[in-house]
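If you want the building blocks of each chain, they are given just below.
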Amino acid sequence: MLTATCKAAPNIAVIKYWGKRDEELILPVNDSLSGTLSTDELCAKTSITADTTFTEDKMWLNGEEVTIWDNARLKNCIEYLRGIGEKKLTDKSVLNYKLHICSENNFPTAAGLASSAAGYACFVYTLATLYGLENQELTAIARLGSGSACRSIYGGFVQWKKGELADGSDSIAVQIAPASHWPEMHVLILVVSDARKKVGSTVGMRLAVENSELLRFRASHCVPKHTEQMKQAILNKDFATFGEITIRESNQFHAICLDTYPPCVYMNDRSHSVSHFIHKYNENAGEVKAAYTFDAGANACVYLLENEVAKFISYLNAYFPNDESPSDEYVRGIPVQPNPLSNSDLQSFGLSATISKNTFKYIIHTKVGEGPQRLDNNESLLGADGTPKNLKS
Ligand code: DP6
């Protein structure tokens, strides 16, 4: 019996991937760039066991059994990796063993938190570890599961190069800098809704490619410029530039969504009030100190440096009061002690009325972290008999 257990984190794009030039191979129309989050706060965990006694491939996702072979993307990842194994492994017998796969993630599925990115990155990394193929080009395989998953194969700051070739072999992710290069880079996820998104990314970007004129201009003119500026900002640890491009990119991506016919609307009134608040915050600071970005959902992700977090949360709490605040349930993850604000602080801030109460369900405080990691076998989600330890009844 062979077994491996690994964990991987979602990533939050600062240069957005939106639009495919090849749907099956998942080849994008533009480069993208993201920070991979720390697995301490948010992660997918996968255990895979391969054994001669198993009669069929089986998979459990968050405690429920799912069918593997109906899922073309999962199938593509498994077959691609087995194909590499056929070429690279001396003992190929393991490639014929049936698999038991068990995967769990600890954050809301499909709430714009890129759960598919962590899930597929973790799955591909775990299967490659089981087969002894972890040094192969895993980003191209994770890409076949979900485009953004290729960026979660590395930690730190990662660029997905769109590539030019029709077979997708040059559409891979590369690390721009490890998390240790800029350890002060923190992230707050302001969870405004756990609800499933209305139009999934795959459908939303298909429509955009079909009929948004702005998408073509963005891919050819804006993204190449933004990507170069962003890479320099990361290498120079220049937060003001990093933040401004992050904000512009998010807004441009949502402009493409609105330019799609019929439009895809992902941000809601609460999202817009967060964006308004952050512009005010930066204006008062005299430079960009906090940068919001929204994916295909209403939750805001805010990049900011560690020494800004306490102040930012203090103002956020003042303008978005919450019945749960202060509590560990409300601000989860890395502990933070907000600074008390005086009346004059609030007056000089300049946002008069508070927005409606309980805008956020909760906030996750995390940071840019390392890529996927193998865990000890005693952390396996599968028992010694190859069935999940935790099943939903
Ligand atoms: C808005 O990777 O979920 O988060 O390739 O169809 O699975 P598929 O799409 P997915 O798209 C993510 C889009 C985004 C932006 C980004 O992460 O770059």
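How each quantity is defined
- Residues numbered from 1 in each chain as written.
- Predicted model: local features only at pLDDT ≥ 70, side-chain atom pairs only at ≥ 80, totals over all residues.
- Heavy atoms only, no water.
- Domains from an automatic or database assignment.
- Buried area = accessible area lost by both parts, 1.4 Å probe.
- Salt bridge = Lys/Arg side-chain N within 4 Å of Asp/Glu carboxyl O.
- Polar contact = N/O pair within 3.5 Å; in protein donor to acceptor, adjacent residues only side chain to side chain.
- Helix = DSSP H or I, 4+ residues; strand = E, 2+ residues; numbered from the N terminus.
- Nonpolar A, V, L, I, M, F, W, Y, C, P; charged D, E, K, R; others polar.
- Axes fitted to C-alpha atoms, helices over the stretch in contact; angles between N-to-C directions.
- Parallel < 35°, antiparallel > 145°, perpendicular 65-115°, else oblique.
- Left-handed = near helix turned anticlockwise from the far one by under 90°.
- Contact = heavy atoms within 4.5 Å.

Regarding the domain arrangement of the chain
Logical step 1: Split into domains, the chain comes out as domain 1 (2–181 + 374–379) and domain 2 (185–367).
Logical step 2: Centre-to-centre separation of domain 1 and domain 2, based on C-alpha positions: 27 Å.
Logical step 3: Note on domain 1 versus domain 2: buried area summed over both sides is about 3500 Å², and carbon and sulfur give 67% of it.
Logical step 4: For the pair domain 1 and domain 2, the interface holds two salt bridges.
Logical step 5: Joining domain 1 to domain 2, the criterion identifies 14 residue pairs in polar contact (both at pLDDT 80 or more).
Logical step 6: Every element with two or more residues in the side of domain 1 that touches domain 2 is listed here: β2 (11–15), β5 (32–36), β10 (157–160) and β11 (173–177).
Logical step 7: Here the side of domain 1 that touches domain 2 is composed, by residue class, of 17 nonpolar, eight polar and six charged.

Quick notes on the packing of helix α1 (residues 72–88) against helix α3 (residues 138–145)
Logical step 1: In the contact formed by α1 and α3, the axes pass within 7 Å of each other and the chain directions differ by 155 degrees. Relative to α3, the element α1 is oriented roughly antiparallel. Regarding α1 and α3, the two cross each other, and that crossing is right-handed. Along the contact surface, α1 presents Arg73, Asn76, Cys77, Tyr80, Leu81 and Ile84, while α3 presents Leu138, Ile141, Leu144 and Gly145.
Logical step 2: Along the lines of polarity and charge, the residues of the contact of α1 with α3 split into seven nonpolar, two polar and one charged.

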